[in-house]
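As a plain string of letters, each chain reads:
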Amino acid sequence: MVHRIAFWSFFGVAVRFWQVGIEMRPFFNKQSLWAYPVYAAGGASFGYWLQGVDDRQSATLAERKSILLEKRAKKAERDAEAATAAQ
């Protein structure tokens, strides 16, 4: 979880560097230093949200997998019973 938040934090700071570079302004201007933590926080919040999405999807997929495995086991059991009854 921490690696995803850290990655998106650094991505937010990189976006700020890119923005300042496009505008051809100095990277570390005293009046605009406050923007770097804001961009990092925005990136971190996106990373945190994305981690939550990943956790919820993984839980849903695990639940669905267990349901499918249970259904397959029941079908295999029914097929085995049908095969023994036919003989």
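Worth saying up front: this structure is predicted, and the values here are computed from it rather than measured.

**So, the side chain of Gln 51**
The topology assignment puts Gln 51 in helix H2 (residues 35-86). Sequence-distant contacts of Gln 51, that is, excluding residues within four places in its chain, are made with Met 1 and Arg 4.

**Side note on the UniProt feature "signal peptide" (unreviewed entry) in the protein**
Sites flagged by UniProt as "signal peptide" (unreviewed entry) map to residues 1-17. Between the end C-alpha atoms of residues 1-17 there is a gap of 25 Å, over a span that is 94% helix and 0% strand.

**What about the pattern of salt bridges?**
Counted under the stated rule, the structure contains four salt bridges. Here Asp 54 ties to Arg 4 by a salt bridge, and the two come within 3.7 Å at their closest N and O atoms. With a gap of 50 residues between them, Asp 54 in helix H2 and Arg 4 in helix H1 (residues 2-22) connect regions that are remote in the sequence. Residue class for Asp 54 comes out partly exposed when judged on its relative accessible area of 29%. Where Arg 25 meets Glu 23, a salt bridge forms, and the shortest distance between an N and an O atom there is 2.5 Å.

About the thresholds
Residues numbered from 1 in each chain as written. Predicted model: local features only at pLDDT ≥ 70, side-chain atom pairs only at ≥ 80, totals over all residues. Heavy atoms only, no water. Helix = DSSP H or I, 4+ residues; strand = E, 2+ residues; numbered from the N terminus. Contact = heavy atoms within 4.5 Å. UniProt positions renumbered as here; feature names shortened; annotations may be inferred. Salt bridge = Lys/Arg side-chain N within 4 Å of Asp/Glu carboxyl O. Buried < 20%, exposed > 50% of the residue type's maximum accessible area, 1.4 Å probe, protein only.

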